[in-house]
Every structure is written in structure tokens, then in C-alpha cells.
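Structural description and commentary
Single-letter residue listing:
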Amino acid sequence: MNYKLAFEVERGDFETAGDASRKIKRTLQQLGISNKIIRKVSIAGYEGEMNLAIHSLGGTILLTVAEKEIDLTIEDRGPGIQDLSLAMTEGWSTAGDEARRMGFGAGMGLPNMQKNADHFQIDSKVGVGTKIAMKFFL
Ligand SMILES: Nc1ncnc2c1ncn2[C@@H]1O[C@H](COP(=O)(O)OP(=O)(O)OP(=O)(O)O)[C@@H](O)[C@H]1O
Ligand SMILES: [Mg+2]
């Protein structure tokens, strides 16, 4: 089995933000993945999707389901993160008023992604973009 699904997430599109993670969840259910893993991938996917909508200029989510693992790769086209260790700190957020009014900005998304994934790698370059590669072992 090697199943791939890709999503485009636009900047500031709060109407459709959440669609990709919902589709990912449904797909994993149809593939018969255990609820425990679906929960982890869904949380990480949702946080990543929201970060694309709120903090990035737009990007993509790529889901790959293989025999022994699920890969979730989230990549955007900027603006990049200046200080990764600060961004990974629980409670640290640069979310603006609009995002905060909608309940975002607790500064918990990236730490939660790291907690839920079995493997978590974040790379970022200011002016270029951010890439997060996560693995969930089946
Ligand atoms: N894709 C991204 N591009 C640029 N900056 C980002 C990106 N993702 C996260 N950041 C930065 O890292 C900070 C921390 O992200 P994190 O997801 O942990 O918290 P948050 O999005 O601010 O709040 P929460 O996720 O709890 O609603 C963000 O406030 C933002 O400054
Ligand atoms: Mg977030």
C-alpha cells in the first residue's frame, strides 16, 4: 500500500481551513488505520493546516500512507521562521488579533505536532519558507 494525498492551503482562508485535516481523517478511516494513530495524525494535520492559513503565505500538505508508516509533510512558501526554538516553545505565539478572536494563538500548535508525531523535523528559512516532516509508525 502506498497511498498519497495532497492539499493546497491558502493564506488567510479560514472558510476552508480545516478541510484538509478532515479529509485526511476520513481517508485514514477508510484505509482502516487504527483510531489511536488517526487521532495523532489528525491533531498534527489540523495544527499544521491552521499554521499555513494563519502564519504562512500558503503551502501544501502531503499525506503518504505506506506499509509501516504515515508521512505528513507540510511545506509553505514563506515567510519562514526566524527563531525555531522560540517557535517550538509552548505558549509562544505571534498570532494577530483576528486569529486570536477565532481561538488561535495559544502557541501550542507546533509543540503538539511534535508530541503527536513519532518523528518530527522542522526546517525553515526566512524569505523562503518552512517545511515540517512528520512520521507516524504503524
Ligand atoms: N508556517 C509558519 N510560517 C511562519 N511562522 C510560523 C509557521 N508556523 C508557526 N509559525 C510561528 O511559530 C509560532 C508558534 O506556532 P504554534 O502553532 O505553536 O502556535 P500558534 O499558531 O501561534 O498558536 P496555536 O497553534 O496554539 O493556535 C507562531 O505564532 C508563528 O510565529
Ligand atoms: Mg498554530
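Here the structure is a predicted model, which is why all the values come from computation and not from measurement. Every chain is numbered independently, its residues counted from 1 as its sequence is written. Here the convention is simple: chains get letters from A, ligands get numbers from 1, in the order in which they are written. Given that this is a predicted model, residues contribute local features only at a pLDDT of at least 70 and side-chain atom pairs are listed and counted only at 80 or more, while totals for whole chains, interfaces and linings are drawn from all residues. In computing side-chain properties, one takes all heavy atoms of the structure into account and sets aside hydrogens as well as water.

1. Description of the layout of surface pockets
Each pocket or cavity is described by its volume, and for the largest pocket that value is around 640 Å³. Every element with two or more residues in the lining of the largest pocket is listed here: α2 (35-55), β3 (69-76), α5 (109-116) and β5 (129-137). Per the convention used, a helix needs a DSSP run of H or I reaching at least four residues, while a strand needs a run of E reaching at least two, with both numbered from the N terminus. Considering each element in turn, the lining of the largest pocket owes the most residues, 7 residues, to α2. Three classes are used, and their members are as follows: Ala, Val, Leu, Ile, Met, Phe, Trp, Tyr, Cys and Pro are nonpolar, Asp, Glu, Lys and Arg are charged, and the others, Gly among them, are polar. Residue classes in the lining of the largest pocket are distributed as 16 nonpolar, 14 polar and 3 charged. The definitions used throughout rest on a 1 Å grid laid over the protein atoms alone, on which a cavity is an enclosed set of points accommodating a 1.4 Å probe that cannot get out and a pocket is an open set flanked by protein within 12 Å on both sides along at least five of seven lines; lining residues are those having an atom within 4 Å of a point. Grid points are joined across faces, edges and corners, and a volume is the space filled by probe spheres set on the points.

2. Points about unusual backbone geometry
Following G78, the chain continues to P79 via a peptide bond in cis, the omega torsion being 10°. Here P79 shows up in the loop between β3 and α3 (84-87).

3. Focus: the pattern of salt bridges
A pairing counts as a salt bridge when a side-chain nitrogen of Lys or Arg comes within 4 Å of a carboxyl oxygen of Asp or Glu. Under the defined criterion, the tally for this structure stands at 5 salt bridges. For D19, the salt bridge is made with R22, and the minimal N-O distance between the two is 2.8 Å. Placement of both D19 and R22 in helix α1 (residues 19-30) is noted, with a separation of 3 residues, approximately one turn of the helix. Three labels apply to residues, based on accessible area from a 1.4 Å probe with only protein chains included: buried if under 20% of the type maximum, exposed if over 50%, partly exposed otherwise in between. The class for D19 is partly exposed, based on a relative accessible area of 27%. One network of salt bridges, with partners in common, ties together E69, D71 and K135.

4. Considering the site of ligand 1
To be near a molecule or strand, a residue needs just one of its heavy atoms within 4 Å of it. By nearness alone, 21 residues border ligand 1, and H55, S93, T94, G105 and M108 come closest of all. Side-chain polar atom of N51 to an oxygen atom of ligand 1: 2.9 Å apart, as the coordinates give it. Here a polar contact is recorded for every N or O atom pair within 3.5 Å, except that within protein the pair must consist of a potential hydrogen donor and a potential acceptor, and residues adjacent in sequence are included only if both atoms are side-chain atoms. Between S93 and ligand 1, the recorded distance is 2.5 Å, taken from a side-chain N or O atom to an oxygen atom. Here, Shrake-Rupley sampling with a 1.4 Å probe gives the accessible areas, and only protein chains in the shown set may cover a residue. Notes on ligand 1: free accessible area 590 Å², of which the protein chains cover 94%. Structurally, ligand 1 is housed in the largest pocket. Going through the elements one at a time, α2 and α5 are the ones with two or more residues in the shell around ligand 1. Throughout, a molecule is located in a cavity or pocket provided that more than half of its atoms lie within 2 Å of its grid points.

5. Points about the environment of G45
Note that G45 resides in helix α2. Placed 27 residues apart in sequence, G45 and L72 show a C-alpha to C-alpha distance of 7.5 Å. In this description, contact between two residues means that some pair of their heavy atoms is separated by no more than 4.5 Å. When neighbours within four sequence positions are excluded, G45 is seen to be in contact with S21, I61 and L72.

6. Thoughts on the environment of I70
Of note, I70 is situated in strand β3. Measuring from C-alpha to C-alpha, the distance between I70 and N35 comes to 13 Å, with 35 residues separating the pair along the chain. With sequence-adjacent residues up to four places away left out, I70 is seen in contact with L28, I33, I37, V41, L63, T64, V65, M134, K135, F136 and L138.

7. Re the UniProt feature "domain: Histidine kinase/HSP90-like ATPase" (unreviewed entry) in the protein chain
UniProt positions are given in the numbering used here, feature names are shortened, and annotations may be inferred rather than shown by experiment. Mapped onto the present numbering, the UniProt feature "domain: Histidine kinase/HSP90-like ATPase" (unreviewed entry) falls on residues 55-136. Overall, residues 55-136 shows 22% helix and 37% strand. The separation of its end C-alpha atoms is 24 Å.

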